[in-house]
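One-letter residues, chain by chain:
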Amino acid sequence: MNRLRIFILSLAVLLSGLAAHAADEPPAPAVTTAPVVLDGTELFRVRGALALPAAERAHAISARIAAFAADRSRATSALRITEAADRSVVRVGDQALITVVDADAELEALSRQQVAELHQKRIAEAVGRYRQDRSPAVLLRAAVSA
């Protein structure tokens with residue numbers, strides 16, 4: 001019985017020491033993110049900045065991707081990534097769809113280039129689905145079944 005009491009007291013002292021240590025450290029600031037969406041499907045999430053909150057950034061990116069998806073004259077194979085010293089940009093032609101910076105990559109625990117490649121792939125897949133869902137054959141089948 002004495003051993004159990006000593007163990008419980010030791011555990012209580014240890015836990016109170018850990019709690020006191022944790023209270024000394026300031027909490028990590030929360031990173032706000034918002035979803036980039038095409039046709040109701042979340043493609044990925046982006047973080048914001050003081051000058052451009054996450055929701056505004058995500059909305060602008062979503063709008064550019066939607067415009068690209070609606071323009072069938074621009075192939076998904078035209079998506080490419082350009083690199084600069086501090087950013088990777090997913091583009092279609094001369095238009096930037098999304099700029100990825102190191103702070104974005106930190107959220108994913110990947111390199112900036114890897115995040116840009118993943119975004120490029122998700123955009124291409126989503127745009128392909130978007131266009132397929134709106135193809136004449138699919139629309140005709142939907143109209144007939146309705």
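Below is a short write-up of the structure. (Residues numbered from 1 in each chain as written. Predicted model: local features only at pLDDT ≥ 70, side-chain atom pairs only at ≥ 80, totals over all residues. Heavy atoms only, no water.)

### Section: the overall build of the protein
Then, in step 1: For the protein, the helix and strand inventory stands at 5 helices and 5 strands.
Then, in step 2: Reading the helices (α) and strands (β) of the protein from amino to carboxyl end gives α-β-β-α-β-β-β-α-α-α.
Then, in step 3: Here the protein holds 146 residues, and 25% of them are scored as buried.
Then, in step 4: Carbon and sulfur atoms provide 61% of the accessible area of the protein, an area that totals close to 9600 Å². (Helix = DSSP H or I, 4+ residues; strand = E, 2+ residues; numbered from the N terminus. Buried < 20%, exposed > 50% of the residue type's maximum accessible area, 1.4 Å probe, protein only. Areas by Shrake-Rupley, 256 points an atom, 1.4 Å probe, with all protein chains shown as cover.)

### Concerning the sheet that holds strand S4 (residues 87–92)
Then, in step 1: Read across the open sheet, the 3 strands follow the order S3-S4-S5; overall the sheet is antiparallel. In the strand order of this sheet, the two ends are held by strand S3 (79–84) and strand S5 (95–100), each with one partner. Strand-to-strand, the axes of this sheet are offset by a mean angle of 25°, without reference to chain direction.
Then, in step 2: Sheet topology note: the S3/S4 ladder contains 6 bridges and is antiparallel. Note that in S4 the partner of Glu83 across the bridge is Ser88.
Then, in step 3: Helix H2 (residues 54–70) contacts S3, S4 and S5 of the sheet and is inclined by roughly 145° relative to S5.
Then, in step 4: Running over the sheet, helix H4 (residues 112–133) touches S3, S4 and S5 and is turned about 160° from S3. (Pairing = 2+ DSSP bridges. Axes fitted to C-alpha atoms, helices over the stretch in contact; angles between N-to-C directions. Contact = heavy atoms within 4.5 Å.)

### A closer look at the pairing of strand S2 (residues 41–47)
Put simply, side chains in a regular strand alternate between the two faces of the sheet.
Then, in step 1: In terms of strand pairing, strand S1 (residues 33–38) meets S2 through 6 bridges, oriented antiparallel. Each bridged residue has a counterpart across the sheet, and for Thr33 the counterpart in S2 is Arg47.
Then, in step 2: Counted along the chain from S1 to the antiparallel partner S2, the turn is 2 residues long, and its residue Asp39 has a positive phi close to 55°.

### Concerning the packing of aromatic side chains
Aromatic ring pairs are described here by two measures, namely the spacing of the ring centres and the angle between the planes.
Then, in step 1: Taken as a whole, this structure holds 0 aromatic pairs when the rule is applied.
Then, in step 2: The lysine or arginine in question, Arg134, covers the ring of Tyr130, its NZ or CZ lying 3.7 Å from the ring centre. (Phe/Tyr/Trp six-rings, centres within 6.5 Å; stacked < 30°, edge-to-face > 60°. Lys NZ or Arg CZ within 6 Å of the ring centre and 35° of its normal.)

### Brief notes about the packing of H2 against H4
For any two helices packed against each other, the geometry is given by the interaxial angle and the distance between the axes.
Then, in step 1: Orientation of H2 relative to H4, taken along the N-to-C sense of each, is 50°, at an axis distance of 9 Å. Relative to H4, the element H2 is oriented oblique. When the axes of H2 and H4 are compared, the crossing they make is right-handed. Taken together, the residues of H4 that come into contact with H2 (itself represented by Ile65, Phe68, Ala69 and Ala70) are Ile123, Val127, Tyr130 and Arg131.
Then, in step 2: Of the residues assigned to the contact of H2 with H4, the class counts are 7 nonpolar, no polar and 1 charged. (Parallel < 35°, antiparallel > 145°, perpendicular 65-115°, else oblique. Left-handed = near helix turned anticlockwise from the far one by under 90°. Nonpolar A, V, L, I, M, F, W, Y, C, P; charged D, E, K, R; others polar.)

### Re unusual backbone geometry
Then, in step 1: A positive phi angle, near 55°, is found at Asp39, a position not held by glycine.
Then, in step 2: Among the residues examined, Asp39 registers a relative accessible area of 46% and is labelled partly exposed.
Then, in step 3: Non-glycine residue Ala109 carries a positive phi angle of around 60°.
Then, in step 4: Since its relative accessible area comes to 70%, Ala109 is described here as exposed.

### A few points about the environment of Ser88
Then, in step 1: For Ser88, the location among the structural elements is in strand S4.
Then, in step 2: Exposure remark for Ser88: the relative accessible area of 0% places this residue in the buried category.
Then, in step 3: For the pair formed by Ser88 and Ile98, sequence separation is 10 residues and the distance between their alpha carbons is 8.5 Å.
Then, in step 4: When neighbours within four sequence positions are excluded, Ser88 is seen to be in contact with Ile81, Thr82, Glu83, Ile98, Thr99, Val100, Arg112, Gln113 and Ala116.
Then, in step 5: Side chain to side chain, Ser88 and Arg112 meet in a polar contact 3.0 Å long. (Polar contact = N/O pair within 3.5 Å; in protein donor to acceptor, adjacent residues only side chain to side chain.)

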